Amino acid sequence: HFFLIIMYVMVGVMKLKKIEITHKHILLYILTFVIVVFGDQVTKTIIDHTLQLNTGYTIIDDFFYFTYAHNAGAAWGIFQGHLNLFFIISVVATIGIIYYFMQTELYHKLTRFGLVLVFSGMIGNLIDRIIFGYVRDFIDFIIIGYDFPIFNIADIAITVGVALVIFEVGIEEYKAWKISKSEL
């Protein structure tokens, strides 16, 4: 049902606004989606078959580990066990991502790519939630004595995607501010 809702929303939004996009960018976005989702699922499967739950493998002592964990919640384990909430959030986020993407212009390359990364990461974690009822995490860092929450490839895609969107929006706002200052 999730994917039918998404397709319905995409068709509806596309009817409202003709999006300017090149074939090269479409290929880039599809490849990014496939690489992120496939890479996320393959790495999770490898860890799932290699490590016991809640055990780790040291990569760099006192800094970087592969530690296999299940997360039935969101970041830092919040909203544990509220699976239906994550499906609702995924649908709303997908609608928002598609809508925002459709509002961008061809020159908003970082924003568009960032939105594709966020969407890809969300789908990678959603697959886990649908199949297992939790997300499989395994990348574990201890930074200056702080044991950072364990995460996965999908989480990296989401984080980098959000950072790209924020960065480009910041640049656009700075340009607009500079123009407004020069007109005074």
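Here goes a summary of the coordinates provided. Quick caveat: nothing in here was measured; it's all calculated off a predicted structure.

1. Some details on the sheet that holds strand β4 (residues 146-147)
The strands making up a sheet are joined through hydrogen bonds of the backbone, oriented either antiparallel or parallel. Read across the sheet, four strands follow the order β1-β2-β3-β4 without closing on themselves; strand pairing throughout is antiparallel. Every other strand in the sheet has two partners, leaving β1 (56-60) and β4 as the edge strands with one partner each. As paired strands, strand β2 (residues 64-71) and strand β3 (residues 135-143) are joined by six bridges and run antiparallel to one another. Note on β3: the bridge partner recorded for tyrosine 65 is aspartate 140. Along the sheet, helix α2 (residues 23-50) makes contact with β2 and β3, crossing β3 at roughly 85°.

2. Some points on the packing of helix α4 (residues 109-132) against helix α5 (residues 153-182)
Where α4 contacts α5, the axes come no closer than 7 Å and their chain directions differ by 155°. By the angle between their directions, the pair α4 and α5 is classed as roughly antiparallel. Regarding α4 and α5, the two cross each other, and that crossing is left-handed. Across the interface between the two elements, Lys109, Leu110, Thr111, Phe113, Gly114, Leu115, Leu117, Val118, Gly121, Met122, Gly124 and Asn125 from α4 touch Ala154, Asp155, Ala157, Ile158, Val160, Gly161, Val162, Leu164, Val165, Phe167 and Glu168 from α5. Residues of the contact of α4 with α5, tallied by class, amount to 14 nonpolar, six polar and three charged.

3. Quick notes on a nonpolar patch on the surface
Taken together, the side chains of Tyr57, Ile59, Ile60, Phe63, Ile143, Ile144, Tyr146 and Phe148 present a nonpolar region at the surface, about 820 Å² in accessible area. Ranked by the residues each element gives to the nonpolar patch, the list is headed by β1, at three residues. On the secondary structure map, phenylalanine 63 appears in the loop between β1 and β2.

4. Notes on the packing of aromatic side chains
Using the criterion set out here, one finds eleven aromatic pairs in the structure. Relative to phenylalanine 141, the ring of phenylalanine 63 lies with its centre 5.2 Å away and its plane at 65°, an arrangement referred to as edge-to-face. Of this pair, phenylalanine 63 sits in the loop between β1 and β2 while phenylalanine 141 sits in strand β3; the two residues are 78 residues apart in sequence, bridging distant segments of the chain. In this structure phenylalanine 63 comes out as partly exposed when scored by relative accessible area, which is 36%. Ring centres of tyrosine 174 and tryptophan 177 lie 5.8 Å apart, and the angle between their planes is 35°; on these two criteria the pair is classed as tilted. Remark: tryptophan 177 and tyrosine 174 occur in helix α5; sequence separation between them is three residues, near one turn of the helix.

5. Some thoughts on α2
Here α2 is 28 residues long and its end C-alpha atoms lie 40 Å apart, about the 40 Å a rise of 1.5 Å per residue gives. The set of residues buried in α2 consists of His25, Tyr29, Thr32, Val36, Val37, Asp40, Gln41, Lys44 and Ile47. At its buried positions, α2 is contacted by β2, α3 (83-103), α4, β3 and α5.

6. Observations regarding the pairing of β3
One face of the sheet, then the other: side chains in a regular strand alternate in exactly this way. Strand direction decides the pairing type here: β3 and β4, joined by two bridges, are antiparallel. In the strand pairing of β4, isoleucine 142 is matched with aspartate 147. Between the antiparallel neighbours β3 and β4 lie two residues, among them isoleucine 144 with a positive phi of about 50°.

7. A look at unusual backbone geometry
Residues apart from glycine generally show negative phi values, whereas peptide bonds are mostly found in trans. Phi is positive for asparagine 54, which is not a glycine, with a value near 65°. Tracing the sequence through the fold places asparagine 54 in the loop between α2 and β1. Its relative accessible area of 61% is what places asparagine 54 among the exposed residues. Despite not being glycine, aspartate 62 shows a phi value in the positive range, around 60°.

Conventions adopted
- Residues numbered from 1 in each chain as written.
- Predicted model: local features only at pLDDT ≥ 70, side-chain atom pairs only at ≥ 80, totals over all residues.
- Heavy atoms only, no water.
- Pairing = 2+ DSSP bridges.
- Helix = DSSP H or I, 4+ residues; strand = E, 2+ residues; numbered from the N terminus.
- Contact = heavy atoms within 4.5 Å.
- Axes fitted to C-alpha atoms, helices over the stretch in contact; angles between N-to-C directions.
- Parallel < 35°, antiparallel > 145°, perpendicular 65-115°, else oblique.
- Left-handed = near helix turned anticlockwise from the far one by under 90°.
- Nonpolar A, V, L, I, M, F, W, Y, C, P; charged D, E, K, R; others polar.
- Patch = residues over 30% accessible without salt bridge, like charges linked within 9 Å, V, L, I, M, F, W, Y side chains within 5 Å.
- Areas by Shrake-Rupley, 256 points an atom, 1.4 Å probe, with all protein chains shown as cover.
- Salt bridge = Lys/Arg side-chain N within 4 Å of Asp/Glu carboxyl O.
- Phe/Tyr/Trp six-rings, centres within 6.5 Å; stacked < 30°, edge-to-face > 60°.
- Buried < 20%, exposed > 50% of the residue type's maximum accessible area, 1.4 Å probe, protein only.
- Expected span 1.5 Å × (residues − 1).

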